[in-house]
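# Summary of the model geometry
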Amino acid sequence: MDQAHLLAISDLHVVHPENRKIVEELRPSSEGDWLIVAGDVGELSTDIAWALETLSRNFAKVIWVPGNHELWTPKEDPLPLRGVARYEHLVELCRSLGVVTPEDPYPTWEGAGGPVTVVPLFLLYDYTFRPDPGHSRKEALEKAYEHGVVCTDEFLLHPDPYPTRDAWCAARLEETEARLAALPADARLVLVNHFPLVREPTRILYYPDFALWCGTERTADWLTRFNVEAMVYGHLHIPRTTWHEGVRCEEVSVGYPREWRRPQHKRTVPPRRILPYQAE
Ligand SMILES: [Fe+2]
Ligand SMILES: [Fe+2]
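These lines cover the structure that appears in this document, whether it is placed above or below. (Residues numbered from 1 in each chain as written. Chains lettered and ligands numbered in written order. Predicted model: local features only at pLDDT ≥ 70, side-chain atom pairs only at ≥ 80, totals over all residues. Heavy atoms only, no water.)

### Structural notes on the overall build of the protein chain
Convention followed: We count a stretch as a helix when DSSP gives it H or I for four or more residues in a row; a strand needs E for two or more, and each element gets its number in order from the N terminus. The globule rule is 2.2 Å times the number of residues to the power 0.38, and the radius of gyration it is compared with is taken over C-alpha atoms. A simple rule labels every residue: compare its accessible area, found with a 1.4 Å probe on the protein chains alone, to the largest value its type can have, and call it buried under 20%, exposed over 50%, or partly exposed in between. Residue contacts follow a heavy-atom distance rule, with two residues in contact if any of their heavy atoms lie within 4.5 Å.
Within the protein chain, the regular secondary structure consists of eight helices and ten strands. For 280 residues, the compact-globule estimate of 2.2 N^0.38 gives 19 Å, and the protein chain sits close to it at 18 Å. In terms of overall dimensions, the protein chain has C-alpha extents of about 55 × 40 × 40 Å along its principal axes. In the protein chain, which comprises 280 residues, the share counted as buried stands at 56%. Taking the intrachain contacts of the protein chain between residues at least 6 apart in sequence as the baseline, contacts between residues at least 24 apart amount to 74%.

So this is what it looks like as structure tokens:
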């Protein structure tokens, strides 16, 4: 049998028929391949269920983390749940399909390049990636509104029962740090989060204000504090490999058809290989 791979993809946005086709046609390169899905599968609960069901049928193991889009409560969704209740519902859906979530024991990849512990994270963002470091949260948001750069999360990603998305983020950070601290110190980790754990990848955003919705400064030292083999993320729709603090960071998004149709866009199809590592 061919060597199995640990693969990753994100930002499938299956509301677009062209992207739905990508999901339908996605196949492992060998029988034992695992697929990391780093968020933004879709917005409607029915679309999310369809995509995860399709992928879990084709890959030996699927590991999912929520993107901001899965956490929206769109009016047309038959599932009216908001915030934590919506997230918990999606976790239950994943469990019914055998898909690993941030709420489950972290699986160990024993294939080539392993063993590594694959750590799906759900951390959200807290408006600390501010274009002007002198600005408060309020000032930074005011500037973003002034520039007309406002993430749809402000209207559709409800943090209930938390008062704000940043409060939800703070709670997730606290829970997650405790779990990571309990891992054996010699375990090598692949950290998977929809948002980048360090700010550097957001520096090339076309609209710098958008960084407010892209992560948290509170994970700035995680790449060095923990024994990290690679960080896998999406959200930016800028697929590429970069290195920060000596750690390989893989943005694995597919993105919207209007983005991946541009000749210069490097969409992640087939999925990006995380392990065994192969330099391009
Ligand atoms: Fe996305
Ligand atoms: Fe996103």
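Resuming the write-up.
### A word on the coordination of the iron ion (ligand 2)
Put simply, the rule reads: Note on donors: an N, O or S atom is included if it sits within 2.8 Å of the metal, or within 3.2 Å for Na, K and Ca, and water is never included, so sites can look incomplete. A site with four donors is called tetrahedral when every donor-metal-donor angle falls between 85 and 135 degrees; four donors are called square planar, and six octahedral, when opposite donors sit more than 155 degrees apart and all other angles fall between 65 and 115; any other arrangement is irregular.
Protein coordination at the iron ion (ligand 2) comes from D40 (OD), N68 (OD1), H194 (NE2) and H235 (ND1), with a distance range of 2.1 to 2.2 Å. For the iron ion (ligand 2), the four donor atoms in the first shell make angles of 90 to 158 degrees at the metal, so the coordination geometry reads as irregular. The sequence motif formed by the donor residues of the iron ion (ligand 2) is D-x27-N-x125-H-x40-H. A separation of 3.6 Å is found between the iron ion (ligand 2) and the iron ion (ligand 1), which are bridged by D40. Within this pair, whereas N68 is found in the loop between strand 3 (61-64) and helix 3 (83-97), its partner H194 is found in the loop between strand 6 (189-192) and helix 7 (222-225), the two being separated by 126 residues in sequence. Taken individually, N68 and H194 each receive the classification buried, so the pair is uniform in this respect.

### Some remarks on the coordination of the iron ion (ligand 1)
Protein coordination at the iron ion (ligand 1): the donors are D11 (OD), H13 (NE2), D40 (OD) and H237 (NE2), at 2.0 to 2.2 Å from the metal. Here the iron ion (ligand 1) is ringed by four donor atoms whose angles at the metal span 86 to 169 degrees, and the overall shape comes out irregular. Motif for the iron ion (ligand 1), donor spacing along one chain: D-x1-H-x26-D-x196-H. Overall, the relative accessible area of 0% leaves D11 in the buried class.

### What to know about the packing of helix 1 (residues 17-25) against helix 2 (residues 45-58)
When two helices pack together, their arrangement is captured by the angle between the axes and the distance separating the axes. The criterion, for reference: Comment: axis = line fitted to C-alpha atoms, over the contacting stretch for helices; angle = value between 0 and 180 degrees taken between N-to-C directions. Orientation categories follow fixed angle ranges, with anything under 35 degrees roughly parallel, anything over 145 roughly antiparallel, 65 to 115 roughly perpendicular, and all other angles oblique. Residue polarity follows a fixed list, in which Ala, Val, Leu, Ile, Met, Phe, Trp, Tyr, Cys and Pro are nonpolar, Asp, Glu, Lys and Arg are charged, and the others, Gly among them, are polar.
For the pair helix 1 and helix 2, the least separation of the axes is 8 Å and the interaxial angle reads 30 degrees. Accordingly, the angle class assigned to the pair helix 1 and helix 2 is roughly parallel. In contact with R20, V23 and E24 of helix 1, helix 2 contributes D47, W50, A51, T54 and L55. For the contact of helix 1 with helix 2, the per-class residue count stands at four nonpolar, one polar and three charged.

### Overview of the sheet that holds strand 7 (residues 228-233)
We count it as follows: Should DSSP find at least two bridges between two strands, the strands are taken to pair.
Across the sheet, six strands lie side by side as 4-5-6-7-9-8; this open sheet has mixed pairing. Two strands close off the open sheet at either side, each with one partner strand: strand 4 (108-109) and strand 8 (240-244). Direction of pairing for strand 7 relative to strand 9 (residues 247-251): parallel, over a ladder of four bridges. Across the sheet, the residue bridging to A230 is R248, located in strand 9.

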